[in-house]
Amino acid sequence: MAVVSWKEILLLTGLVVGCYWNSLSCGFVFDDVSAILDNKDLRPSTPLRNLFLNDFWGTPMAEERSHKSYRPLTVLTFRLNYLFSELSAASYHLLNVVLHTVVCVLFLRVCRLFLDKTSSLVAALLFAVHPIHTEAVTGVVGRAELLSSIFLLAAFLAYTKSTSADHSIVWAPIALTVILVAAATLCKEQGITVVGICCVHEVFVAQGFTLPMLLDTLRHVLQGKDGFPYAVLQTLLKLIVLVISTLLLVIVRVQVIQSQLPVFTRFDNPAAVSPTPTRQLTFNYLLPVNAWLLLNPSELCCDWTMGTIPLVESLIDLRNLATLAFYMFLGLLAYHSLRYRHSSAKTVIMALSLIVLPFIPASNLFFPVGFVVAERVLYVPSMGFCVLVAHGFKIVSHKGHLKRISWLIIGVLLTTHAVKTFNRNWDWESEYTLFTSALKVNKNNAKLWNNVGHALENQNNYAKALQYFLQATRVQPDDIGAHMNVGRTYKNLNRSKEAEDAYLVAKSLMPQVIPGKKYATRVAPNHLNVYINLANLIRANESRLEEADQLYRQAISMRPDFKQAYISRGELLLKMNKLTEARDAYLRALELDRTNADLWYNLAIVNIEMKDPSEALKNFNHALELNPRHKLALFNSALLMQESGEPKFWPEANRRFLTYVEEEPDDANGYFNLGMLAMDANENAAAERWMRKAIGLQAGFRSALFNLALLYSQSKREMDALPVLDELLHHHPEHIKGLILKGDILMNHKKDTHGAKACFERILHMDPTNVQGKHNLCVVYFEERDLPRAEHCLEETLALAPNEEYVRRHLNIVRGKMAAMSAAGQPLTSAEGATMSAKEEKPKRVKEGVEEVGDGEEEGRGADAVGKGAGDEKNVRKSSAESLGGVGVDQSESLASSQSEKRTKE
């Protein structure tokens, strides 16, 4: 048995790289989005144990909406990719190319067991370039096939060493085989089929039995003429160990899926829900369809569901001839390989076992699967196909006059396949290129029209996307998802009436509730989102909130474990100010999923609305335990700590704001709140730095500009405050507190009474009842020595605020001054000769219109009073809901739609 040389390894590697190097420029498309971009199990913040509790797509296996595809080792490799390169698609594609190379080398090693050196290399080269593999290699989710194949081939190679030179059993390779089978199965379910391949090899290759010999042996044993030969007993022992191990794996696998098969709809696999004989005829016809894809991979398609392959509904359908021809050819090969003992028969039987056994789980013959045809599941069966082709090449090339022709044919085949594979990779560059290429092959699949629409939708080309979604409804009028997509797109185009009509059509297509029959078993989980989407649409109308709530409750009644319905209903109830019911909705959702950080966050928002900050902080912390970089939880929990007024919370609040700005470096609100924390801690230099950063990111940031000016004023840097206030008033000319502060600085520090007067008059023009502006204008009149006008002004101010003692006291000061000047014969409206002695009492500066400040200060609105709790604008907190997955799913109307309104302190 020849080993694989370095030259052959380099040849295979070069060929694979030549065919697949352009896949490195492809992105995440189709199923990659769910498996990579939307899968939280890839994130380092997710506990590793979740990989063994969730399915391939990150959904808990216990949930009914789970696809039940259990591949934790494959997800683990995705997680390693994420660890090194996060979501850089090139690294994921690169690893797939490397894994395909490893499979090619292992496959060459396996071929050497029953082919000569040349023909085994031909088989490996054909396998390396076959276009059917582009979905498994260029599609990132195809890594499940690649990893499973590596362990499958390794398990087979290990098993071939289980017999020693003296024909005794060697148990170490068998134990290794069992371990590798388990690993293959944890990469993809079909890995377990290698046990069958090992059994075929043991019986028909290692022991050299033929089917007639086995039947004769069994007949002799049953007739009592003879016992089992020793070789047969050894074979039985090895096979029993393998079978028991396999049964244990199957039992574990059944326990993992909790004895539940995934829910598929008639759109995923129309034949699966068809009556007899349509179901049987169609499923059997799919076998020659798959065989034809191996023979002639000229028209490849990423999605073969829905109407791609019409149902075979009658025995007189001509396509049944293809089924008959396929079974006849397969039968002839099986007959040849099982009847004879020569090497050619052994090669054929091993090729057939590689074709048939790994394909059985995807064949639909024993249990339905969620697809009609899937090119990536042909990855392992194509090995058997390549062995057959190479074996045929070997036979033909040994005939002298056909040798050159056979080499020419193989050369042309490898070249055309390599070129086809290279060009096919470009189809996987983006979702748009992938699905438009599929439409060239098949225009009867509504899912393809939907997916092109989704690709255009992701480019915000809603008008063109709508055309594809509408075409999907014409191709498949009863496709619920297509109508949901139409509704969502109309909504994005602000055509609410048409959106509602489309959702109502989708809702009318939902299966009706049948008493005593579980609804969830008859509908795809994502189709229930039509209730969520319709409710999200109509709840924008305040008069239809109860109607929206009824839709949420209807969805929950159909599926009590419908987590998203509880989430969306909780948001609606919060909007309706039904806080207790909102809290109960989130608590029910948490019973279904306690590992959802968004749910804990939303519950914290409800706690804040219920005036329970301590419980809110506790739930924010739960969210951050699950996702330490949950941006909304970081921001709003830090804000809650800051607003508590307790200095013990400030360091942690500061840390969370710093983490937040790491996640959102372009959000000025994070830097602003860091500045507010620094102001609270009297760290003026840091406060100035953060405020400047916030203003640099968001020109005209009202609160940052005002508080920076306030900071300068409190730091005795009034002249620095003036240009900041000018910028503030340029962007926000009606900012009253800014006008008050500017007027105070102009009057008390620049002695510019005219400028101050303009500020206060501007305030009163906007708000004639503003007590602070009115009072400060009175002070200006006093400074201008216009005492009658000051008196009249203060009388008007007192009428506006009769309970403000400081206004009354200042009015008495002015009247006293007027009486003194009248007694002295001085004019009351002239500034000449009316200077006041230092000992004479003057109206004083006030704090927040309540208390006086120290004597000797001039009348005016003190800067320290402007910012003392005066109308703090607090953050409008929001909740973050999960996005609804699947085709046709609208994003949940979430309270987490924006972070633009953050806390301000003015």
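Everything numeric in this text was worked out from a predicted model, so none of it was measured.

1. Examining the layout of surface pockets
Size it by volume and the second largest pocket reaches roughly 680 Å³. If you go around the second largest pocket, you meet 27 residues; those closest to its centre are Ala291, Phe326, Phe329, Leu330 and Ile355. Of all the secondary-structure elements, those providing two or more residues to the lining of the second largest pocket are helix H12 (278-295), helix H13 (319-339), helix H14 (343-356) and helix H15 (381-397). It is H13 that provides the largest number of residues to the lining of the second largest pocket, a total of seven residues. Its residues assigned to classes, the lining of the second largest pocket shows 24 nonpolar, three polar and no charged.

2. Quick word on the side chain of Lys757
Structurally, Lys757 is set in helix H35 (residues 753-766). Given the relative accessible area of 17%, Lys757 is considered buried. When neighbours within four sequence positions are excluded, Lys757 is seen to be in contact with Leu777, Val780, Tyr781, Glu784 and Arg789.

3. So, the state of the cysteines
What the rule picks out here adds up to one disulfide. Covalently, Cys778 is tied to Cys793 through a disulfide, its sulfur atoms 2.0 Å apart. Residues Cys778 and Cys793 share a disulfide whose torsion about the S-S bond is about -80 degrees; that sign makes it left-handed. Here Cys778, found in helix H36 (residues 771-783), pairs with Cys793, found in helix H37 (residues 787-800); they are 15 residues apart in sequence, far enough to count as distant. Per residue, the accessibility class of Cys778 equals that of Cys793, and both read buried.

4. Describing unusual backbone geometry
For the peptide bond that leads from Thr276 to Pro277, omega is 5 degrees, which places it in the cis range. By the secondary structure assignment, Pro277 is in the loop between helix H11 (230-256) and H12. Even without being glycine, Asn577 reaches a positive phi, approximately 65 degrees. By secondary structure assignment, the location of Asn577 is in the loop between helix H24 (563-575) and helix H25 (579-592).

5. Digging into the pattern of salt bridges
Counted by the stated rule, this structure contains 41 salt bridges. Note that Asp561 is salt-bridged to Arg559, the shortest N-O span being 3.3 Å. Using a relative accessible area of 4% as the deciding quantity, one classes Arg559 as buried. Overlapping salt bridges bring together Asp549, Arg553, Arg569 and Glu581 as one network.

6. Quick word on the side chain of Ser382
For Ser382, the position within the fold is in helix H15. In contact with Ser382, other than residues within four places in its own chain, are Phe127, Ile132, His133 and Leu294.

7. Overview of the packing of aromatic side chains
Under the definition given, this model contains 16 aromatic pairs. Here Phe56 and Phe78 contribute two aromatic rings whose centre-to-centre distance is 5.9 Å and whose plane-to-plane angle is 45 degrees, an arrangement assigned as tilted. Within this pair, whereas Phe56 is found in the loop between helix H2 (31-37) and helix H3 (72-85), its partner Phe78 is found in helix H3, the two being separated by 22 residues in sequence. With relative accessibility at 0%, the residue Phe78 sits in the buried group. Measuring from centroid to centroid gives 5.5 Å for Tyr601 and Phe620, while their planes differ by 45 degrees, and the two rings are tilted. Taken as a pair, Tyr601 in helix H26 (residues 597-609) and Phe620 in helix H27 (residues 613-626) lie far apart in primary sequence, 19 residues in all. Across the pair, exposure class does not vary: Tyr601 and Phe620 are buried alike. Each member of the aromatic cluster is reached from another via a ring pair, and the members are Trp21, Phe422 and Trp426.

8. Here we look at a nonpolar patch on the surface
Together, Leu233, Leu236, Ile240, Ile244, Leu248 and Ile251 give the surface a local cluster of nonpolar side chains, amounting to about 540 Å² of exposed area. Structurally, Leu236 can be placed in helix H11. You can call Leu236 partly exposed: its relative accessible area is 34%.

9. Topic: the environment of Ala465
Tracing the backbone through its elements, the reader meets Ala465 in helix H19 (residues 462-475). In this view, Ala465 contacts Gly453, Leu456 and Glu457; residues no more than four positions away in its chain are not counted.

Rules behind the numbers
- Residues numbered from 1 in each chain as written.
- Predicted model: local features only at pLDDT ≥ 70, side-chain atom pairs only at ≥ 80, totals over all residues.
- Heavy atoms only, no water.
- 1 Å grid on protein atoms, 1.4 Å probe; cavity = no way out; pocket = protein on both sides within 12 Å on 5 of 7 lines; lining within 4 Å.
- Points joined across faces, edges and corners; volume = space filled by probe spheres on them.
- Helix = DSSP H or I, 4+ residues; strand = E, 2+ residues; numbered from the N terminus.
- Nonpolar A, V, L, I, M, F, W, Y, C, P; charged D, E, K, R; others polar.
- Buried < 20%, exposed > 50% of the residue type's maximum accessible area, 1.4 Å probe, protein only.
- Contact = heavy atoms within 4.5 Å.
- Disulfide = S-S within 2.5 Å.
- Salt bridge = Lys/Arg side-chain N within 4 Å of Asp/Glu carboxyl O.
- Phe/Tyr/Trp six-rings, centres within 6.5 Å; stacked < 30°, edge-to-face > 60°.
- Patch = residues over 30% accessible without salt bridge, like charges linked within 9 Å, V, L, I, M, F, W, Y side chains within 5 Å.
- Areas by Shrake-Rupley, 256 points an atom, 1.4 Å probe, with all protein chains shown as cover.

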